[in-house]
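Observations on chain architecture
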Amino acid sequence: MMWMKTPKSLCLAFFLALAGAGAGAQTPVDKLAADEYRAALARWQSSLTAFDTADKASLPGADGVLFVGSSTIRFWTNLAQDFRQAPVVINRGFGGSTMAECSLFTRELVVRYKPRQVMVYAGDNDLAMGQTPLQVLESFARFANTVRTELPGTRISFISIKPSPSREALLPKIREANNMIGAYVRTLANSEYIDIFTPMIAADGRPRPELFLPDRLHMNEQGYRLWQSVIAGHVQPVQTASAR
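Residues numbered from 1 in each chain as written. Predicted model: local features only at pLDDT ≥ 70, side-chain atom pairs only at ≥ 80, totals over all residues. Heavy atoms only, no water.

Turning to the overall build of the chain, a few remarks are in order. For the chain, the count of helices and strands is 10 helices and five strands. If you take every contact in the chain between residues at least 6 apart in sequence, the share linking residues at least 24 apart comes to 77%. Total accessible area on the chain stands at roughly 11500 Å², and carbon and sulfur atoms take up 57% of it. (Helix = DSSP H or I, 4+ residues; strand = E, 2+ residues; numbered from the N terminus. Contact = heavy atoms within 4.5 Å. Areas by Shrake-Rupley, 256 points an atom, 1.4 Å probe, with all protein chains shown as cover.)

Now for the pairing of strand E1 (residues 65–69). Buried residues dominate E1, accounting for five of its five residues. Bridge count for E1 against strand E2 (residues 89–93) is five bridges, and the pairing is parallel. Its bridge partner being in E2, Gly69 is matched across the sheet by Gly93. The pairing of E1 with strand E3 (residues 117–121) spans five bridges and is classified as parallel. By the bridge assignment, Gly69 is partnered in E3 with Tyr121. (Buried < 20%, exposed > 50% of the residue type's maximum accessible area, 1.4 Å probe, protein only. Pairing = 2+ DSSP bridges.)

Considering the arrangement of structural elements, one finds Pro207 in the loop between strand E5 (191–194) and helix H10 (221–231). Between the alpha carbons of Pro207 and Glu168 there is a distance of 7.3 Å; along the sequence they are 39 residues apart. Apart from the residues lying within four places of it in its own chain, the contact partners of Pro207 are Pro163, Ser164, Pro165, Glu168, Leu171, Met200 and Ile201.

One finds Phe67, Phe140 and Phe143 to be the most contacted residues of the largest nonpolar core, which totals 65 residues. When neighbours within four sequence positions are excluded, Phe143 is seen to be in contact with Val68, Met99, Cys102, Ser103, Thr106, Val110, Val118 and Val120. (Core = buried A, V, L, I, M, F, W, Y, C linked by side-chain atoms within 4.5 Å.)

Glancing now at unusual backbone geometry. Trans is the prevailing form of peptide bonds, just as negative phi is the prevailing case for residues other than glycine. Of note, Asn190 is a non-glycine position whose phi angle comes to about 50 degrees, a positive value. The exposure class of Asn190 is partly exposed, given its relative accessible area of 29%.

Turning our eyes to something else, we now look at the side chain of Asp195. Within the element layout of this structure, Asp195 appears in the loop between E5 and H10. Buried charge without a salt bridge: Asp195, with Arg186 as the nearest opposite-charge side chain at an N-O distance of 7.8 Å. Of note is the side chain of Asp195, whose polar atom sits 3.1 Å from the backbone nitrogen of Phe197. Side chain to side chain, Asp195 and Thr198 meet in a polar contact 2.6 Å long. (Lys, Arg positive; Asp, Glu negative; His and termini not counted. Salt bridge = Lys/Arg side-chain N within 4 Å of Asp/Glu carboxyl O. Polar contact = N/O pair within 3.5 Å; in protein donor to acceptor, adjacent residues only side chain to side chain.)

Right, here's the structure in full:
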C-alpha cells in the first residue's frame, strides 16, 4: 500500500479526523446542512423513492452487510451472490453519487437498516467535480461520525477510491485522498481501510484497462471479480448469541 510522504497532509488528515468525531464538529456543517440536503434530495429523490418502495415490498433484515456508494456499488448486480456467506447483503448504491451525498443520506441509506457492517465506496465523483482530497476526507468523517453515533457497534469499512483509466489525470488526487482517509480510518475503533487501488494498478503505474468497460470508468466482470476477491476477507462474520 502506498502512503503519503507529506507530513503536512497527514497532519491535516488527523485534524479532520478529530473534527469529524467531536461534538463541536457540527458547527460548520449545520450552517449548510439544510441547503445541501435539499439539493441532494432533489437530485436523488427517484433513487430514494425506489429504495423505499423496495423496503415496503421486502424490508432487509437487520445485522446484515450493507454496501453504499456511487455507481460502482449500484452496478454490482451480483453483490448478494458474491457475498452469499453473509445472510443479509444490502445494496444501496445510487448513480453518480458523491461521498458528500452519502454523508447527507447516512440515516436513510445506512442507519435505518441497522447493519453489523457498512462498506462504503465513494469519492471519485467528488474529485471529478473539483472537490479536494481534504473535502472528500471531511465528507467521509461526517459519514463515519453519523454511523458511529447512531450505530456504535457497526463496523465501518472504507473501500479505497479506484483508479479508472478515464480519470487517470486524477491519480495524484486519488492517491492523496486514499492516503488521508486511510490514515483517518486507522484512528477509529472497529473500522478499516480496504485497499483495492493497488491491485488495480499495473506494473507501469497506470490503471489496468482490462478491468473496465469501454467507457473506461465503470468496471467489467473481471473488475468485480477482483473486488470480490479483495473484499471477501473483510466481510465480518455473524456473531453467535454466545459470542455477543
